[in-house]
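Each chain is listed here by its residues.
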Amino acid sequence: MNRYPLWKNLLIGIVMLWGLIYTLPNFYGEVPAVQISSGKATLKLDASATIKRLEESLATAGIQHDGLFADLTSVRARFRDTDTQLKAKDAVEKAFNPDATDPSYVVALNLLSASPQWLTAIHALPMYLGLDLRGGVHFLLQVDMKGAVTKRLDATTGDLRTLLRDKNVRHAGIAREGQNVVIRFRDVESQTRGHAVITASSNDLQLVDGQDGADFKITATLSPMAQKTIQEFAIKQNITTLHNRINELGVAEPVIQQQGLDRIVVQLPGVQDVAKAKDILGRTATLEIRLVDETPGALEAAMTGAIPAGTELYNERGGRPLLVKKQVVLTGERLTDAQPGFDGQTHEAAVHLTLDAAGARIFKDITRENINKRMAILLIEKGKGEVVTAPVIRGEIGGGRVQISGRMSSEEATDTALLLRAGSLAAPMEIIEERTIGPSLGAENISKGFHSTLWGFVAIAVFMCLYYMLFGMVSVIALASNLLLLVALLSLLQATLTLPGIAAIALTLGMAIDANVLINERIREELRNGSSPQAAISAGYDRAFDTILDSNVTTLIAGVALLVFGSGPVRGFAVVHCLGILTSMFSALLVSRGLVNLIYGKRRKLEKLAIGQIWKAEAN
Amino acid sequence: MEFFRIRKDIPFMKHALVFNVISLVTFLLAVFFLATKGLHFSVEFTGGTLMEASYTEAPQLEKIRETLGKEGYQDAQVQNFGSARDVLIRLPNREGMETGKVSEKVMASLNAIEGHKPEMRRVEFVGPQVGKELASDGAMALLLVIGGIVLYLAIRFEWRFAVSAIIANLHDVIIILGFFALFQWEFSLPVLAATLAVLGYSVNESVVIFDRVRETFKKKRGLSTPEVLDHAITSTISRTIITHGSTQIMVLSMLLFGGETLYYFSLALTIGICFGIYSSVLVASPLVMWLGVSREQFMQVKKEKQEIVV
């Protein structure tokens, strides 16, 4: 009667095996590694080529590696010890960044899991440690959305001025007032015409006609849709910009994520120089449009070192040199948007730029005067410029809508658009939370968390074995399997493990024992009431089931509430707590029952259960 | 081994009033301390900067205070933390202060003091808007827990059980907060997490007893309501003590080995577990009785449920 069907035993076996495999990577520890990733926004990392280059550079330096790995954004090499790692870093740095003042690659020290290849292949990775366990800096940045909207409104003010002039509508002044743009008119006719002209040109604006003393006015506000688009755009652009800048810090695994509607989390593991990190986060980069100097012979002269006056030598994407005039035609401030798309006629991939009114006017003049010449779009960052693209001007371009096309794949178009937008922050940001944890404190936190869990577990195990004998041992095995499954689940999900998370593991174990105690007490009670041992086991587990379910659901409710409303340390706690409740249900009900069934299930004549002393009141 | 050798059901309900008065007094005391002393909120809630620096030799706190005062941080709290070599500095947020730069400036002035140079261990800066959000999120989480548990218990059992369980266990939460107010222990985010976890955990205690009450009502006719409750409590008391004991072993281990960060977390859990036993056994059960639970209502509920199942 106390036997599980084969499929149930198999299920338990498979789950436990799965748990074991996914827990394994945590035991291998970590080995030193060197990580190479792209240091420039214009440079895409080609994994296979980079691996080859890395292998060669290590071979020339005579350094042995323990394996090379590549993912989408980086290439890593493992080394035996930190000495080799440091030597390798120097060698790789030299090979990949011949010009130390202008590094193209980020070469960073990192730690990689030492687990064998086959584990990594099935995505079995060690648990992802939070900053409080590994040390580093955490920033929470608030994006000033009002600032983004204001910036847009300022641009709109200029656009409207140009528009009304082009359409010959006379106005008495356009100005931004708070979150509105107010356009004044002398008479009703102008107001009506103005209204019609603006409505026809843009659907991002909501217009309200009004009267102000003797003046007639139109109050324009951005439509909620347009505001939303601006805000989404602003946060995306800021994240892209942050990515580019953080590359410079040489952080192995930076985390840059959107949090909520208007916040960005930046986590830099291993970084201790907070001042530098803050400086880099706050810096601005600019976009510049300049003309290319195409005087015959000038480029060749510049290549030999004789750079003509008023020009600068840059490298185009793809490596070809380009001589660019120093005079700046336009800056990125005039660029309101850049989107990838397709040419309307040739269906080639293209990048569509939108300039504000003033920018459009300058652009129109410049293009008219320089047909068939090339202009360069440069990204100036860290005081150094880089040519993003250098198209040929085919004709006069008016209206502020510019298209860059020609020999571009759609992927390249997307990248270029991103780069053009990435120049500067779309909206100012402010640090509203900062957490720095020194590396020694991180290591200490790991050992503290580990020891509290270990000793708590040992103490409970000893007590359970003494008090419930064999059934206690079964409970302890179930509890251990719970720990195993929880760690495996955390490794699989790559949920961030923090110190509160470790506390949650300990607490979950302490709470999970409840299910086992309930079952064991029930079995004792059944025995006390005179049931046969087999019947007692069966009744004990069955009756305890309802109670275990109820009590776990109530605990889970609390866990979910913490998960929903918690942030930071509370979230780390809640994730582990909720997962732990689920694994504890499995281990207490299925694993322990399975074990008891294996031990007692086949015995027909069972006289006694090793569940400790059963005391019966004499009165009964 | 068998710790609990109980011959007869213990007449808990006879003393129901006494237990409830005791718990009411504790509750009122907790409210009193909360009202008069208030909670000592951590930086996460209040906003501000908290820094932990470690020296190779014990530094003079007076000198640090003086230096920081000269730098314009007169309101800096400087204290030892853990050992004489570790220093904790707290700075509240002020209007017009360049909040993002505080930690570097303080570190620079600490380095400028003659003698041993400190090693920066931890910096936490929280802007004023974050703190407010945390407080409201915490309140929302508490409401969600209460609502969820009441609803679940009302569906699984009966509204009387739901109401008594939540009253009994909310009073645990207030008592935990009362302790934190009385001793001015730091109330941080992990402590909040512990408090809510305890709420879920102690309700679970009441659930076990209510489960027994339901079962006893069904099985043993002819017992009065107080007798049923007595029986239910008596037959689960062994499990209650052993479970809580085991959980407390784990918490104790955290209290001893977990270091400063987990100290208040496990302290909140310890108080929660101790009062959790008391309140779910000796407060929730009498409340159920006074709310007028009886076999008839119970059988009705059971019947409805069976229909749903069928």
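What counts, and where the lines are drawn
Residues numbered from 1 in each chain as written. Chains lettered and ligands numbered in written order. Predicted model: local features only at pLDDT ≥ 70, side-chain atom pairs only at ≥ 80, totals over all residues. Core = buried A, V, L, I, M, F, W, Y, C linked by C-beta atoms within 7 Å. Buried ≥ 20, exposed ≤ 12 C-beta atoms within 10 Å, placed from the backbone. Helix = DSSP H or I, 4+ residues; strand = E, 2+ residues; numbered from the N terminus. Contact = placed C-beta atoms within 7 Å. Nonpolar A, V, L, I, M, F, W, Y, C, P; charged D, E, K, R; others polar. Pairing = 2+ DSSP bridges. Axes fitted to C-alpha atoms, helices over the stretch in contact; angles between N-to-C directions. Parallel < 35°, antiparallel > 145°, perpendicular 65-115°, else oblique. Left-handed = near helix turned anticlockwise from the far one by under 90°. Domains from an automatic or database assignment. Expected span 1.5 Å × (residues − 1). pLDDT = per-residue confidence, 0-100. Arc of directions from axis to C-beta.

**Examining the nonpolar core**
- In this structure, Ala 503 and Leu 562 of chain A together with Val 145, Ala 193 and Leu 196 of chain B are the most contacted members of the largest nonpolar core, which totals 195 residues.
- Residue contributions to this core peak at 18 residues, all from helix H14 (residues 439-493) of chain A.
- Setting aside residues no more than four positions away along its own chain, Val 145 of chain B makes contact with Ile 557, Ala 558 and Ala 561 of chain A together with Leu 196, Leu 199 and Gly 200 of chain B.
- Among the nonpolar cores identified, the runner-up in size contains 32 residues, and Val 351, Leu 355, Ile 404 and Ala 413 of chain A belong to it.

**Quick notes on the interface of chain B and chain A**
- Taken together, the contacts link 60 residues of chain B with 65 residues of chain A.
- Sorting the residues of the side of chain B that touches chain A by element identifies helix H4 (102-112), strand E5 (119-126), helix H5 (128-156), helix H7 (189-219), helix H8 (225-257) and helix H9 (259-290) of chain B as the ones contributing at least two each.
- In terms of residue count, the dominant contributor to the side of chain B that touches chain A is H7 of chain B (14 residues).
- Here the residues of the side of chain B that touches chain A sort into 32 nonpolar, 16 polar and 12 charged.
- Pairing of strand E21 (residues 429-437) of chain A with E5 of chain B, which is carried by five bridges, proceeds in the antiparallel orientation. Looking at the pairing, Glu 434 of chain A lines up with Phe 125 of chain B of E5 of chain B.

**Some thoughts on the sheet that holds strand E10 (residues 215-222) of chain A**
All names here are of chain A.
- The strand order across the open sheet formed by four strands is E7-E8-E10-E9, and the pairing between neighbours is antiparallel. The outermost strands of the open sheet, each flanked by one partner alone, are strand E7 (174-177) and strand E9 (205-212). Averaged over all pairs of adjacent strands, the angle between their axes in this sheet comes to 25 degrees, without regard to strand direction.
- Alignment of E7 against strand E8 (residues 180-185), held across four bridges, turns out to be antiparallel. Paired with Glu 177 across the strands is Asn 180, a residue of E8.

**Side note on the sheet that holds strand E17 (residues 349-355) of chain A**
All names here are of chain A.
- If you walk across this open sheet you meet the three strands as E16-E17-E20, and the pairing is antiparallel. Since the sheet does not close on itself, it has two edges, and those belong to strand E16 (335-342) and strand E20 (401-405), each with one partner. The average undirected angle you get between the axes of adjacent strands in this sheet is 20 degrees.
- Bridging between E17 and E20 involves five bridges; their strand directions are antiparallel.

**Things to note about the packing of H14 of chain A against H8 of chain B**
- Viewed as axis vectors pointing N to C, H14 of chain A and H8 of chain B meet at an angle of 150 degrees, and their least axial separation amounts to 8 Å. Comparing their axes, H8 of chain B and H14 of chain A come out roughly antiparallel. Considering how the two elements wind past one another, H14 of chain A and H8 of chain B form a crossing that is right-handed. Residues Lys 448, His 451, Ser 452, Trp 455, Gly 456, Ala 459, Ile 460 and Phe 463 of chain A of H14 of chain A lie in contact with H8 of chain B, whose contacting residues are Ser 246, Ile 249, Met 250, Ser 253, Met 254 and Phe 257 of chain B.
- Here the residues of the contact of H14 of chain A with H8 of chain B sort into eight nonpolar, five polar and one charged.

**Structural notes on the pairing of E17 of chain A**
- In terms of burial, E17 of chain A is largely enclosed, as five of its seven residues are buried.
- Once E16 of chain A ends, the chain turns through six residues before running back antiparallel as E17 of chain A, passing His 347 of chain A with a positive phi of about 60 degrees.

**Thoughts on the domain arrangement of chain B**
- In terms of domain boundaries, chain B breaks down into domain 1 (12-42 + 130-309) and domain 2 (48-126).
- Put simply, the middle of domain 1 of chain B and the middle of domain 2 of chain B, counted by C-alpha atoms, are 41 Å apart.

**A word on the domain arrangement of chain A**
- Assigned domains within chain A: domain 1 (6-23 + 439-600), domain 2 (30-114), domain 3 (146-227) and domain 4 (284-428).
- The gap between the C-alpha centroids of domain 1 of chain A and domain 3 of chain A is 65 Å.

**Let's talk about unusual backbone geometry**
- You will see that Gln 494 of chain A, though not glycine, has its phi angle at about 55 degrees, which is positive.
- Structurally, the position occupied by Gln 494 of chain A is in the loop between H14 and strand E22 (496-497).

**Topic: helix H1 (residues 16-36) of chain B**
- Taking 1.5 Å per residue, 21 residues should reach 30 Å; H1 of chain B reaches 30 Å between its end C-alpha atoms and fits that length.
- Of the surrounding elements, those touching the buried residues of H1 of chain B are helix H6 (159-182) and H9 of chain B.

**A look at the confidence of the model for chain B**
Residue and element names in this part refer to chain B.
- Scored by pLDDT, chain B has a mean of 84; 93% of the residues are at 70 or more.
- Across chain B, H1 holds the top mean pLDDT of 91, while helix H10 (residues 295-309) sits lowest at 55.
- Between residues 301-310, whose pLDDT stays under 50, and residues either more than four places distant or in other chains, the model counts one contact.
- Taken over the whole predicted complex, pTM reads 0.77, whereas the ipTM for its chain interfaces reads 0.85.

**Some details on the environment of Asn 247 of chain A**
All names here are of chain A.
- Take Asn 247: it is sitting in the loop between helix H9 (224-246) and strand E11 (255-259).
- C-alpha of Asn 247 to C-alpha of Leu 579: the two residues are 332 residues apart in sequence and 35 Å apart in space.
- Residues within four places of Asn 247 in sequence aside, it is in contact with Ser 37, Ser 38, Gly 39 and Val 106.

**Remarks on the packing of H1 of chain B against H6 of chain B**
Residues and elements named next belong to chain B.
- The geometry of H1 relative to H6 is characterised by a closest axis approach of 8 Å and an angle of 45 degrees between their N-to-C directions. As the angle between them shows, H1 and H6 are arranged oblique. Of the two elements, H1 crosses H6, and the hand of that crossing is left-handed. Facing Ser 23, Thr 26, Phe 27, Leu 29, Ala 30, Val 31, Phe 33 and Leu 34 of H1, the residues of H6 in contact are His 171, Ile 174, Ile 175, Leu 177, Gly 178, Ala 181 and Leu 182.
- Of the residues belonging to the contact of H1 with H6, the class tally is 11 nonpolar, four polar and no charged.

**As for helix H1 (residues 6-23) of chain A**
Residues and elements named next belong to chain A.
- Under the 1.5 Å per step criterion, the end-to-end length of H1 is 26 Å for 18 residues, consistent within 8% with the ideal 26 Å.
- The set of residues buried in H1 consists of Gly 19, Tyr 22 and Thr 23. What you see down the axis of H1 is that its buried residues fit within an arc of 105 degrees, all on one side. For H1, exposure combined with an orientation more than 90 degrees from the buried face picks out Leu 6, Trp 7, Leu 10, Gly 13, Ile 14 and Leu 17.
- Along its buried surface, H1 packs onto helix H2 (25-28) and H14.

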